[in-house]
Amino acid sequence: DVPKGSWVRGSLKSVEGVPLLEQIVDNWDKVANFQAQPDDLLIATYPKAGTTWIQEIVDLIYNDGDVEKAKRAPTHVRMPFLEMVPPPPLRSGVENASKMPSPRLIKTHLPFQLVPKSFWEHNCKVVVYVARNAKDIVVSYYHFDWMNLAQPEPGPWEGYICKFMECQLGWGSWYDHVRRFWEEKDKHRILYLFFEDMKEDPKREILKVMKFLDKELPEEVVDKIVHHTSFQVMKDNPMANYSSIPDTIFDWKASTFMRKGEVGDWKNYFTVAQNEVFDEDYKMKMLGTSLKFRSKI
Ligand code: A3P
């Protein structure tokens, strides 16, 4: 059982039918008009797909595996969260990004159609997309929503699964999100990765990212990156585990950010009946796509 937070919770509004936190929607113009630069790298994911993990990997690749450099600041300071608008005096993702030197690493959870047009205007913009199977996303998001007081309160588990299936959670439909980036990946410079593949063979996936970024590093450096970005090492790294976020925003009693990092934890939460309903609905929503997920490895 996850205890309830007692702070005022965020609420959702929508942009083009996609539910987003109210403060994001209220400042939407700045996101829509964001000016990308040719050497920007966008890390795009649906929430809870392994964003922080790939951010750490990419930052280390950019810094030639220099672990100390990667500890220069917490994840959210190193890489602005494009659409996020935190309470003042903290600056928005757009402001932080505009103050950053090139080459910029920028995080977003926006679905393809809401990514600022500027990113697609030049073919040189590159995107690393990470997708994770839907059932583990629901479980991870559920715990995160108990913990992250900026998010609407998740309510009971049963209802939370329904909200996911009805695409009512923040950043909207997981189904559309993963499908659209999949369809677009060959039309733009998008590297499409899977959380499950990263768990299965992190070195193989890190080498894919390096190739995509035209980066070569000696094998021992690659091994160092594999080690530094393992679940346990990141869990203990205050610059990669979000522990700098105060408990007025992240209720650390409700959950921890680096929670389990596994494939298949959904089996501990979905009842047989919930799983059947979810699978039935999933088949319809994912009809006609060649995109396939593994919910166990
Ligand atoms: P769980 O809640 O299932 O543990 P995001 O960064 O997109 O919010 O995703 C967070 C999820 O990724 C959490 O999943 C977290 O534990 C997992 N994660 C983060 N770093 C990881 C790593 N190095 N290895 C495996 N999982 C990781």
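Residues numbered from 1 in each chain as written. Predicted model: local features only at pLDDT ≥ 70, side-chain atom pairs only at ≥ 80, totals over all residues. Heavy atoms only, no water.

Digging into the overall build of the chain
Worth spelling out the cut-off: Counting from the N terminus, the helices are DSSP H or I runs at least four residues long and the strands are E runs at least two residues long. Radius of gyration here uses only the C-alpha atoms, and the compact-globule reference equals 2.2 Å multiplied by the residue count raised to the power 0.38. With a 1.4 Å probe rolled over the protein chains alone, any residue whose accessible area is under 20% of its type maximum counts as buried; one over 50% counts as exposed, and the rest are partly exposed. Here a residue-residue contact requires only that any non-hydrogen atoms of the pair lie within 4.5 Å.
On a plain count of helices and strands, the chain comes out with 15 helices and 6 strands. For 297 residues, the compact-globule estimate of 2.2 N^0.38 gives 19 Å, and the chain sits close to it at 18 Å. By its C-alpha atoms, the chain is 50 × 45 × 40 Å across when sized along the principal axes. For the chain, with 297 residues in total, the buried portion stands at 56%. When contacts within the chain are restricted to residue pairs at least 6 apart in sequence, those whose partners lie at least 24 apart make up 74%.

Digging into the site of the ligand
Inclusion rule: In these notes, residues near a molecule or strand are those with any non-hydrogen atom within 4 Å of it. Identification of polar contacts relies on pairs of N or O atoms within 3.5 Å, with a donor-acceptor requirement for protein atoms, meaning one able to donate a hydrogen and the other able to accept it, and with residues adjacent in sequence counted only if both atoms are side-chain atoms. Only the protein chains shown count as cover for residues, and the accessible areas themselves come from Shrake-Rupley with a 1.4 Å probe.
Around the ligand, 18 residues are found, and the nearest of them are T51, T52, S140, K260 and G261. Contact between the ligand and F231: a nitrogen atom at 3.5 Å from a main-chain N or O atom of the residue. Measuring from an oxygen atom of the ligand, one finds a backbone N or O atom of G261 at 2.7 Å. Surface burial for the ligand is 97%, taken as the share of its 570 Å² of free accessible area covered by protein chains. Elements that contribute at least two residues to the shell around the ligand include exactly α3 (51–62) and α14 (231–235). The dominant element in the shell around the ligand, judged by the number of residues it contributes, is α3, at 3 residues.

Quick look at the nonpolar core
Under the convention used in this document: Throughout this description, the term nonpolar core refers to a set of buried Ala, Val, Leu, Ile, Met, Phe, Trp, Tyr and Cys residues connected via side-chain atoms within 4.5 Å.
Membership of the largest hydrophobic core comes to 96 residues, with the highest contact counts inside it found for L20, I54, F164, W171, W174 and F181. With 9 residues, helix α8 (residues 134–147) is the largest single contributor of residues to this core. Those residues in contact with I54 that sit more than four places away from it in its chain are I43, V128, V130, L193, M198 and V209.

A few points about the state of the cysteines
Threshold: Here, the term disulfide refers to a pair of cysteine sulfur atoms separated by no more than 2.5 Å.
Scanning the entire structure with this criterion turns up 0 disulfides. For C167, which is in no disulfide, the shortest distance to another cysteine sulfur is to C162 and amounts to 12 Å.

Some details on the layout of surface pockets
Heads up, the rule is: Residues are called lining when one of their atoms sits within 4 Å of a cavity or pocket point, these points coming from a 1 Å grid over the protein atoms alone, where a cavity is a set in which a 1.4 Å probe fits but cannot get out and a pocket is an open set with protein on both sides within 12 Å along at least five of seven lines. Grid points are joined across faces, edges and corners, and a volume is the space filled by probe spheres set on the points. Each residue receives one of three labels: charged for Asp, Glu, Lys and Arg, nonpolar for Ala, Val, Leu, Ile, Met, Phe, Trp, Tyr, Cys and Pro, and polar for the others, Gly being one of them.
There is about 230 Å³ of room inside the second largest pocket. Lining of the second largest pocket is provided by N133, A134, K135, F278, D279, Y282, M286, T289, L291, K292, F293 and S295. Those elements that place two or more of their residues in the lining of the second largest pocket are α8 and α15 (272–285). Counting residues per element, the lining of the second largest pocket draws most heavily on α15, which supplies 3 residues. Split by residue class, the lining of the second largest pocket holds 6 nonpolar, 3 polar and 3 charged.

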